[in-house]
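# Architecture and fold: a report
For reference, the chains in residue letters:
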Amino acid sequence: MPGEHNFEHLPLLLRYQGRARLPSGGKTNPQTLANKNARQAHSATLQGAAQALSGNWKQRQAQRQGQALPVMPNGIPILLKVDPRLDLDVLREYFDFEIVAEQEEGYVIVASADIDVASFLAMVNGFAVNIHGSATIASIYQLFDDPNQTDRLGRILSERLFAEWGNIADAQDFIVDVGIACAGTQEIPAVPKRGKRDTDASWAAKELDWSQKRNAAYDTWEALKIERENQIESFRAVYHGEILHNIDGAPFSAGVLPDSFTVRLKISGKGLKDFVLNYPYIFEILEPEDIVLPQAVAAQAGQAGQQVAPTPPNADAPAVCVIDSGIQEGHALLQPAVDQAASHCFLPGTAATAVADEVAPGGHGTRVAGAVLYGEEIPKAGAPALPFWIQNARVLNAQNLMPVTLFPPEAIRQAVERFNDGARQTRIFNHSINARGYCRTRYMSAWAAEIDQLCNERDVLVVQSAGNLPIEGAAPLLGIREHLAGGRDYPGYLTEDSVRVANPGQSLQALTVGSVAYDVAESGAWRTFAIQPDGPSAFSRTGPGIWSVIKPEVVAYGGDAVRTTNNPPDIQGGGRIPAACPELVRSTLHAVGPASDRDDAGTSYAAPKVARIAAQVQRVLPDEPALLYRALVVQSAQWPTWAEDVLTRLRNPLDNQPQAEKQALLGAASHALRCLGYGIPDEQRATANTDHRTTFITSGETQIHAAECHVYQVPIPPELRQQADEFDVRIDVTLSYVAQPRRTRRNLRRYLSTWVDWKTSNLGEGLNDFRVRALKNVANDNEPLPGSTLPWTLHEKPQWGVIRDHKRNSGTVQKDWAVVRSNALPDHFCIAVVGHQGWSHDPGSVARYALAVTFEIQGGEITIYEPLRAAIAELQAQTEEIEAEAEMEVEVGE
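This is a predicted model, so every value here is computed, not measured. (Residues numbered from 1 in each chain as written. Predicted model: local features only at pLDDT ≥ 70, side-chain atom pairs only at ≥ 80, totals over all residues. Heavy atoms only, no water.)

### Thoughts on the overall build of the protein chain
The secondary structure content of the protein chain amounts to 20 helices and 36 strands. On C-alpha atoms alone, the protein chain measures out to a radius of gyration of 29 Å, which is about the 29 Å that the 2.2 N^0.38 rule sets for 894 residues. Its C-alpha atoms give the protein chain principal-axis dimensions of about 80 × 75 × 60 Å. Of all 894 residues assigned to the protein chain, the portion counted as buried reaches 58%. For the protein chain, the accessible surface area stands at approximately 35,500 Å², while carbon and sulfur atoms represent 49% of it. Both charge centroids of the protein chain, one from 80 positive and one from 107 negative side chains, sit 6 Å from each other. (Helix = DSSP H or I, 4+ residues; strand = E, 2+ residues; numbered from the N terminus. Rg over C-alpha atoms; globule rule 2.2 N^0.38 Å. Buried < 20%, exposed > 50% of the residue type's maximum accessible area, 1.4 Å probe, protein only. Areas by Shrake-Rupley, 256 points an atom, 1.4 Å probe, with all protein chains shown as cover. Lys, Arg positive; Asp, Glu negative; His and termini not counted. Charge placed at Lys NZ, Arg CZ, Asp CG, Glu CD.)

What follows is the structure in structure tokens.
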């Protein structure tokens, strides 16, 4: 039996690994088949469009030369529509097209350095007469001959710029964020295979040649990026523009990803039009987004002074960096925990030491920092020991805005790099900053992609607010008032597209946090929007995010907005009813007032409560990766009672339940998922176990390649699955992974270099049967025991879960949960983690992941921690013995 314990998390044992058994490809698209059956007609259409496009482009470039305009690189932008299942790399391989941007429904923007598109036309002609190797042309449905580039402009410009394009004045100055593709046409070659006749010397030569070609590809990509940066700099100079996020002339350091970079450019209307119409490698042009934060109601009356004297954290306590408006560092409730020596202001033209929270009247960053330290309740007396260090990264000015001269991706990169490289090697960052409107879904934004890239480069976790719906807005950025006026009442309006999470909350790596209300509250004519405890806050932005990813992943208490019963109602941000607001530390720099109060609400104050839980996990597991911190926070989350009741009714339908009632329940469950994500996280569940709850975790960052499979095994002892018992057991599984992003791809599985998902053994499925199902080269000679699928809440297929039209494997944090009878549990519960190829063809490309699995007896009828602990210890000993025997056999063989 294992020794004493403190209900610590148990190890999740990796038992088997190898090549993954992956599903085969699907059926051929009917349009592709139709094109193969009409070769000459299809070829003629593509040929005519390509020749017309080439001729129009040559004419335009000749006109530019006659006007002495800036020299543009050789290249013609082309808009194609292709089979959505087509591997876009064939466009590069066969036609020497550079992929500029992948879009929805098979649309793709490419660039051809050969403005005659000779390679393309040659294959088009070959397709007409059935030349071998030309079949790819059937998958290219349309080439757009668009002399005015209207179709291309509609796909690269923001909605606002596209609407105003015809009225842009030459002398008008614009500030835009420009995304430039730089993937080129180079690719890493396929890995060579050793032939039967290869000698050691010839095989070594093959490996060396491949390695040199791979290195050459990376060198080519880097050189191309530098070349295009120089092209933009030259273009800017001709039109007397200004690169705002690169003021010091240093190399581009933010908004740079493997296939692209983003630059914030100030330029005249004439220069903007010339650039957009003639530079072929642009995939996106947006106007900078406004930053929005809660607007506080006037401060409440002062309250009695607090007799509290907090004490500093331990020297080795975790640090949480607050990227915000600065902090009132001398505040009595914060001062002992503030790492003042590390504080830094990143605002351009402002002293690095100007780190005070200048937002009137009660601050913003100060409130966020207090929520990290104190959570739900601020002590009024005594000497509480503060749990963490707070670090102050100021990026917002006194108006709570990020100036246009500070590029958001640059701001977060500078903050993360400075504090992660600092003395405390900070790994948890709270970022309660969002754009004013909902996130776009065409591409991952530069801001969100920068967070994804930072989390891939570094062992960090960014806790991100979901964003706030304004009280009042204007189309398309509607507020609460407009939704109510349009007949969309609370909580129904929370699933409108205009309430989608705000940039950069769609980041795949950020742990995005929405807000829930405490309870129903009233004061005079005012009442909260919430109609039950733990209901979604009236202002909290919801999911799904980009590519139907579940966002926000979790929610915490951020308060609620309030309204009157008038028609139309008056609406305020929550401070009018203190009970509707979280208790927050207040800045006292600008006005006399209480040190803490309930006078503001917002997702800004929900996020730091989740950052607090993540920091508590770091205290318990200081040597584990931030990926595991994210996994355990999400693993600890559960839906509030009202939402779980909906799931219970779906899991246990009444006999002869009307179809309308079932559909209503499915709609309610989907609405809850969009508002709550995986639910409200809990510190105790994230950091410890009980007699009735046991969590297993991987240790360290585990790497997985594409087409690789890792199988984990949890033994279920007999006393937990006796046939006479029928206890409800809840099983939770959370996978958290990270891989290299690529911005120009509009598809989750092409955005990442390697993508990952998981599956589990079935109820009653044999261990070897699951291995056969998960691993490619495994066979089972025994009688198959396929078992039955667990009743997962989401499932990997959107129509198989309790909740429909959502799937668990769309993001980089993937959670699911099921409730089963104890006597239905198998003797071994197995989880397979599977890697899949994303955009990268480099065999060295990997994803890194952490995994958590929890078993909980919902009624607490039996204890499970000690039996599971003993069973995993026994399996671990057996595994180590087998490994030792295998090593001895190898030594003997040698």
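### Structural notes on the layout of surface pockets
Empty space within the largest pocket amounts to approximately 1,100 Å³. What lines the largest pocket is a set of 38 residues, and nearest its centre among them are Pro84, Arg85, Asn747, Arg749 and Arg750. Elements with a minimum of two residues in the lining of the largest pocket: β5 (107-112), α18 (748-751) and β35 (828-837). If you tally residues by element for the lining of the largest pocket, the top one is α18, at three residues. Its residues assigned to classes, the lining of the largest pocket shows eleven nonpolar, 13 polar and 14 charged. (1 Å grid on protein atoms, 1.4 Å probe; cavity = no way out; pocket = protein on both sides within 12 Å on 5 of 7 lines; lining within 4 Å. Points joined across faces, edges and corners; volume = space filled by probe spheres on them. Nonpolar A, V, L, I, M, F, W, Y, C, P; charged D, E, K, R; others polar.)

### Re the sheet that holds strand β2 (residues 13-19)
Taken in spatial order, the four strands line up as β2-β31-β35-β33 in an open sheet, and their pairing is antiparallel. Every interior strand has two partners, whereas the edge strands, β2 and β33 (754-760), have only one. The average undirected angle you get between the axes of adjacent strands in this sheet is 20 degrees. One ladder, built from six bridges, connects β2 with strand β31 (residues 708-715); its direction is antiparallel. Of the residues in β31, the one forming a bridge with glycine 18 is cysteine 709. (Pairing = 2+ DSSP bridges. Axes fitted to C-alpha atoms, helices over the stretch in contact; angles between N-to-C directions.)

### A short note on the packing of aromatic side chains
Going through the model one piece at a time under the given rule, you end up with 21 aromatic pairs. When the centroid spacing of 6.0 Å and the interplanar angle of 45 degrees are considered together, the rings of tyrosine 107 and phenylalanine 144 count as tilted. Highlighted residues: tyrosine 107 in strand β5 and phenylalanine 144 in the loop between β6 (140-143) and α5 (150-156), separated in sequence by 37 residues. Three or more aromatic residues joined by ring pairs make a cluster, and in this case those are Phe235, Tyr239, Phe275, Tyr279 and Tyr281. (Phe/Tyr/Trp six-rings, centres within 6.5 Å; stacked < 30°, edge-to-face > 60°.)

### Observations regarding the pattern of salt bridges
Evaluation of the coordinates by the stated rule reveals 47 salt bridges. Note that arginine 742 and aspartate 259 form a salt bridge whose closest N and O atoms lie 3.8 Å from each other. Separated by 483 residues along the polypeptide, arginine 742 in the loop between β32 (728-738) and α18 and aspartate 259 in the loop between β9 (256-257) and β10 (260-268) bring together distant segments of the chain. Pair check on accessibility: arginine 742 and aspartate 259 agree, each one buried. Note that lysine 815 and aspartate 732 form a salt bridge whose closest N and O atoms lie 3.3 Å from each other. Of the two residues, lysine 815 is situated in strand β34 (residues 813-821) and aspartate 732 in strand β32; the sequence distance between them amounts to 83 residues. Comparing lysine 815 with aspartate 732 shows no difference in burial state: the two are buried. Look at the salt bridges and you will find they share partners, linking Glu644, Arg651, Arg730, Asp732 and Lys815 into a network. (Salt bridge = Lys/Arg side-chain N within 4 Å of Asp/Glu carboxyl O.)

### Description of helix α11 (residues 446-457)
Taking 1.5 Å of rise per residue, twelve residues should cover 16 Å, and α11 covers 16 Å from first to last C-alpha, within 8% of that figure. With eleven of twelve residues buried, α11 is to be regarded as a mostly interior element. (Expected span 1.5 Å × (residues − 1).)

### What about the confidence of the model for the protein chain?
Of the residues in the protein chain, 94% have a pLDDT of 70 or more, and the chain-wide mean is 90. Confidence drops under a pLDDT of 50 for residues 247-251, and excluding neighbours within four residues, the segment shows two contacts in the predicted structure. (pLDDT = per-residue confidence, 0-100. Contact = heavy atoms within 4.5 Å.)

### With respect to the nonpolar core
Ile323, Val395, Ile480, Tyr493, Phe529, Trp639 and Leu676 are the most contacted members of the largest nonpolar core, which has 118 residues in total. With nine residues, helix α13 (residues 603-620) is the largest single contributor of residues to this core. Beyond its immediate stretch of four places on either side in the chain, tryptophan 639 contacts Glu644, Leu647, Ala669, Ala672, Leu673, Leu676, Gly677, Tyr678, Gly679, Ile803 and Trp817. By size, the runner-up hydrophobic cluster in this structure holds 50 residues, among which are Leu13, Leu748, Trp792 and Leu875. (Core = buried A, V, L, I, M, F, W, Y, C linked by side-chain atoms within 4.5 Å.)

### A word on the packing of helix α2 (residues 39-66) against helix α8 (residues 269-278)
In the contact formed by α2 and α8, the axes pass within 12 Å of each other and the chain directions differ by 145 degrees. Considering only the axes of α2 and α8, their crossing is left-handed. Where α2 approaches α8, its residues Trp57, Arg60, Gln61 and Arg64 are matched on the opposing element by Asp274, Leu277 and Asn278. Of the residues that constitute the contact of α2 with α8, the class distribution is two nonpolar, two polar and three charged. (Left-handed = near helix turned anticlockwise from the far one by under 90°.)

### Brief notes about the sheet that holds strand β15 (residues 344-345)
Read across the open sheet, the seven strands follow the order β15-β17-β14-β18-β20-β21-β24; overall the sheet is parallel. Strand pairing shows two members of the sheet lacking a second neighbour, β15 and β24 (554-557), which therefore form its edges. Note that strand β21 (residues 511-516) and β24 share four bridges and pair parallel. Of the residues in β24, the one forming a bridge with valine 516 is tyrosine 557. Lying over the sheet, helix α9 (residues 365-374) contacts β14 (319-324), β17 (389-394) and β18 (428-431), oriented at roughly 155 degrees with respect to β14. Together, β14, β18, β20 (461-465), β21 and β24 form the strand contacts of α13, whose direction differs from that of β21 by roughly 125 degrees.

### Remarks on a positive patch on the surface
Together, Arg19, Arg21, Lys193 and Lys776 make up a positively charged patch on the protein surface. Along the chain, the position of lysine 193 falls in the loop between β7 (173-181) and α7 (200-238). (Patch = residues over 30% accessible without salt bridge, like charges linked within 9 Å, V, L, I, M, F, W, Y side chains within 5 Å.)

### Thoughts on helix α4 (residues 118-128)
Taken together, the buried positions of α4 are occupied by Phe120, Leu121, Met123, Val124, Gly126 and Phe127. Looking at the buried residues of α4, the elements they touch are α1 (30-36), α2, α3 (89-95), β4 (97-102) and β6. With its phi angle positive at about 65 degrees, asparagine 130 sits one or two positions after the end of α4.

### Here's the deal with the environment of valine 634
Relative to the helices and strands, valine 634 resides in helix α14 (residues 626-636). Between the alpha carbons of valine 634 and proline 867 there is a distance of 25 Å; along the sequence they are 233 residues apart. Apart from the residues lying within four places of it in its own chain, the contact partners of valine 634 are Leu511, Glu553, Val554, Tyr678, Thr734, Val813 and Lys815.

### Digging into the pairing of β4
In terms of burial, β4 is a largely internal element, six of the six residues being buried. Here β4 pairs with β5 via five bridges, running antiparallel. In the strand pairing of β5, alanine 101 is matched with isoleucine 109.

### Brief notes about the packing of α13 against α14
Two elements in contact, α13 and α14, have axes whose closest approach is 9 Å; the angle formed by their N-to-C orientations is 120 degrees. Put simply, α13 runs oblique to α14. By crossing handedness, the relation of α13 to α14 is classed as right-handed. Of the residues in α14, those in contact with Val610, Ile613, Ala614, Val617 and Gln618 of α13 are Tyr629, Leu632 and Val633. Here the residues of the contact of α13 with α14 sort into seven nonpolar, one polar and no charged. (Parallel < 35°, antiparallel > 145°, perpendicular 65-115°, else oblique.)

### A look at the environment of proline 544
One can find proline 544 in the loop between β23 (526-528) and β24. Judged by relative accessible area, proline 544 falls into the partly exposed class, the value being 24%. Between the alpha carbons of proline 544 and cysteine 675 there is a distance of 8.8 Å; along the sequence they are 131 residues apart. Residues within four places of proline 544 in sequence aside, it is in contact with Arg500, Val549, Lys551 and Arg674.

### Here we look at the pairing of β7
Of all the nine residues making up β7, seven are buried; the element is thus mostly covered by neighbouring parts of the structure. Relative to β10, β7 runs antiparallel, the two sharing nine bridges. Counted as the bridge partner of valine 176 is leucine 265 from β10. With four bridges connecting them, β7 and strand β11 (residues 282-286) associate as antiparallel partners. Within β11, the position partnered with valine 178 by the bridge is isoleucine 285.

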